[in-house]
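The chain contents come next:
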Amino acid sequence: MPTPPLAGGTAGPTHLRPLLETVLTALHDGATRRNGPLPAGGPDTVTHHTRTTTGPVLPDNGTGPHHALRTLVTALTEGAADPAHPHCAAHLHTPPLALAAAADLAASALNPSMDSWDQAPAASALEADLTRTLATEIYPHTPHPDAVITTGGTEANQLALLLARERHGPLQTICAANAHHSITRATWLLGLPRPVVIPAPRGVMDPTALHDALTTLTGPLLVTATAGTTDTGRIDPLDHIAGLTTTHGADLHIDAAYGGPLLLSPTHRHLLTGLHRAHTVTLDLHKLGWQPASAGILAVPDHHHLAPLHHHAPYLNADDDTEAGLPDLLGRSLRTTRRPDALKIAVTLQALGRDGLADLIDRTLTTAHHLADLIDQHPHLQLYARPTISTVLFRPTGTDDTHVATIRRTLLDQGHAVLGRAHADGRLWLKATLLNPHTTPEDHHRLLTLVTHTATRTRTTPAPAPRPAAPPAPRTPAPHTTPEGSNPR
């Protein structure tokens, strides 16, 4: 077998072009075979079909590039949950823009590694420009705002708590019951006390409870607020919270992984009033930014606030190289090797501009309100509340939580729709997280028809008999694990 060609260099595009044709054909064929938002049959059926159609991952003799690409890409596509389908709306799982995916291909082909300038000369300059631009959107009134790129909201939140710990030592975190699970996990990873969790009636942080906590607790404190929760999409009263933290001398982190891009919409940016008052802000553009994962951001009001991330490795940022003018990139992340995720984001911002991005955001939020209108008017459906961003909770009337869960799993098993689940006001709701600006009113009508028909069928159809229990596996000693949220020391 000849030595496989490379993606880079002047010959790289020539080698890529026929392979890309194979990939694009496989993407089309797999989506056609699936013919819906996800494959039908449930986990066992999908796993069996995937394994039988792909064959061994590591055969003794290779099958060749076109056969391998055609086989595996087709199988992956046929078995995918496709966020571009209007009935795939369970999670903050965005359908990426075609131009962002194309830029991601270029990033993969060039393969800059963002841990030293000599591996990423132009990419490091582009990343610096991008992070400064996004940080300025969040902190328009400070002279030197900055940001680092992360794998997503979870890593950004962990970095925010790390920076707060480096400023103050082992501080106490305060969050509301609506906070993302990554906050508690970050305290565990960093050896910090578990967060003090205050109530979130109506889905947002209770300022009175926050005032009481700030008055009672001693020592350095970090309040983490949320701009766009994963269950209802609601936004905490950011400006009020910022005022309380200022009064009590506490730091403030705002997790705006979901809602942060609303800053780019003149129509909706008022929902984020007070965001600029935070010490750190999380943003995640593979949610309401239509980027392929990953595309997270952690922003700070002054670039010096990122100084604790500095790290020295002589083979990457030798002192004499830095003194001679080579940029030091190790302080831009806790990771060493990392992809140039700035490229796809920068391409999107430049291609669409402020007006184009605002239009995408506004269209998407409009679709959520349209769906809410249809549910509100439907005689057999109940709407939880008007959407704050693009998350809509609803459930069939006259049903219980067990039936709601059954409806969701039935739609998944049949491959008809991907809806999420969320608990609110003590009940279980179906969750539609709308991130597709191409969704139409007809798509909404069909989705609600699927839900109501499934609700009727599952209410009258007896549950299938349980499968025979598998024989017990041989007992082996369990490895030692540390429960999430506990201090391992």
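Keep in mind that what you see is a predicted model, and the values were worked out from it rather than measured.

A. A look at the overall build of the chain. A tally of helices and strands in the chain yields 14 helices and 11 strands. Evaluated residue by residue, the chain yields a buried proportion of 48% over its 489 residues. Considering only intrachain contacts with a sequence separation of at least 6, the fraction spanning at least 24 residues in the chain is 70%. Charge centroids of the chain, computed over 35 positive and 42 negative side chains, lie 8 Å from each other.

B. Representation of the layout of surface pockets. Quantified by volume, the largest pocket comes out at close to 1100 Å³. Lining the largest pocket are 35 residues, with L27, P96, L97, A101 and P292 sitting closest to its centre. Sorting the residues of the lining of the largest pocket by element identifies α1 (12-34), α3 (65-78) and α4 (98-110) as the ones contributing at least two each. In terms of residue count, the dominant contributor to the lining of the largest pocket is α1 (nine residues). Along the lines of polarity and charge, the residues of the lining of the largest pocket split into 24 nonpolar, eight polar and three charged.

C. Geometry of the packing of helix α8 (residues 207-216) against helix α9 (residues 238-248). Orientation of α8 relative to α9, taken along the N-to-C sense of each, is 15°, at an axis distance of 10 Å. Classified by the interaxial angle, the pair formed by α8 and α9 is roughly parallel. Where α8 crosses over α9, the two elements pack in a sense that is right-handed. Between α8, through P207, L210, H211, L214 and T215, and α9, the contact on the second element is made entirely by H240, I241, L244, T245 and H248. Broken down by class, the residue content of the contact of α8 with α9 amounts to five nonpolar, five polar and no charged.

D. Geometry of the side chain of T410. With respect to the helices, strands and loops of the structure, T410 is situated in helix α13 (residues 401-414). Excluding anything up to four places from it in sequence, T410 contacts T454 and T458.

E. Examining the sheet that holds strand β10 (residues 420-424) more closely. Taken in spatial order, the four strands of this open sheet run β8-β9-β11-β10, and their pairing is antiparallel. Strands at the two margins of the open sheet, each flanked by one partner only, are β8 (381-383) and β10. Taken over all neighbouring pairs, the strand axes of this sheet differ in orientation by 40° on average, direction set aside. One ladder, built from four bridges, connects strand β9 (residues 391-396) with strand β11 (residues 427-433); its direction is antiparallel. Across the sheet, F394 pairs through a bridge with L430, a residue of β11. Strand contacts of α13: β9, β10 and β11, with the helix running at about 30° to β11, the strand carrying the most contacts.

F. Representation of the nonpolar core in the model. Ranked by size, the top nonpolar core spans 56 residues in total, and within it L210, V223, I254 and L275 carry the most contacts. With seven residues, helix α12 (residues 342-377) is the largest single contributor of residues to this core. Discounting chain neighbours no more than four positions away, the residues touching L210 are I174, I198, M205, V223, I241 and L244. Of all hydrophobic cores here, the second largest spans 24 residues; its members include L383, A405, L447 and L448.

G. Spatial organisation of the pairing of β9. Within β9, six of the six residues are buried, leaving the element largely enclosed by the surrounding structure. Residue alternation in β9 divides its side chains into two sets, T391, L393 and R395 and V392, F394 and P396, and both sets are buried. Pairing between β8 and β9: three bridges, direction antiparallel. By the bridge assignment, Q382 is partnered in β9 with R395.

H. Looking closely at unusual backbone geometry. Omega for the bond connecting A293 with S294 falls within 30 degrees of zero, at 10°, which places this linkage in the cis form. Mapped onto the secondary structure, S294 falls in the loop between β6 (280-284) and β7 (296-300). At N111, a residue that is not glycine, the phi angle is positive and equals roughly 55°. Here N111 lies in the loop between α4 and α5 (121-138). Positioned with a positive phi, D425 is a non-glycine residue whose angle comes to about 55°. Here D425 is to be found in the loop between β10 and β11.

I. Structural context of a negative patch on the surface. On the surface, a cluster of negative charge is contributed by D118, D319, D320, D321 and E323. For D320, the location among the structural elements is in helix α11 (residues 319-323).

Rules behind the numbers
- Residues numbered from 1 in each chain as written.
- Predicted model: local features only at pLDDT ≥ 70, side-chain atom pairs only at ≥ 80, totals over all residues.
- Heavy atoms only, no water.
- Helix = DSSP H or I, 4+ residues; strand = E, 2+ residues; numbered from the N terminus.
- Buried < 20%, exposed > 50% of the residue type's maximum accessible area, 1.4 Å probe, protein only.
- Contact = heavy atoms within 4.5 Å.
- Lys, Arg positive; Asp, Glu negative; His and termini not counted.
- Charge placed at Lys NZ, Arg CZ, Asp CG, Glu CD.
- 1 Å grid on protein atoms, 1.4 Å probe; cavity = no way out; pocket = protein on both sides within 12 Å on 5 of 7 lines; lining within 4 Å.
- Points joined across faces, edges and corners; volume = space filled by probe spheres on them.
- Nonpolar A, V, L, I, M, F, W, Y, C, P; charged D, E, K, R; others polar.
- Axes fitted to C-alpha atoms, helices over the stretch in contact; angles between N-to-C directions.
- Parallel < 35°, antiparallel > 145°, perpendicular 65-115°, else oblique.
- Left-handed = near helix turned anticlockwise from the far one by under 90°.
- Pairing = 2+ DSSP bridges.
- Core = buried A, V, L, I, M, F, W, Y, C linked by side-chain atoms within 4.5 Å.
- Patch = residues over 30% accessible without salt bridge, like charges linked within 9 Å, V, L, I, M, F, W, Y side chains within 5 Å.
- Areas by Shrake-Rupley, 256 points an atom, 1.4 Å probe, with all protein chains shown as cover.
- Salt bridge = Lys/Arg side-chain N within 4 Å of Asp/Glu carboxyl O.

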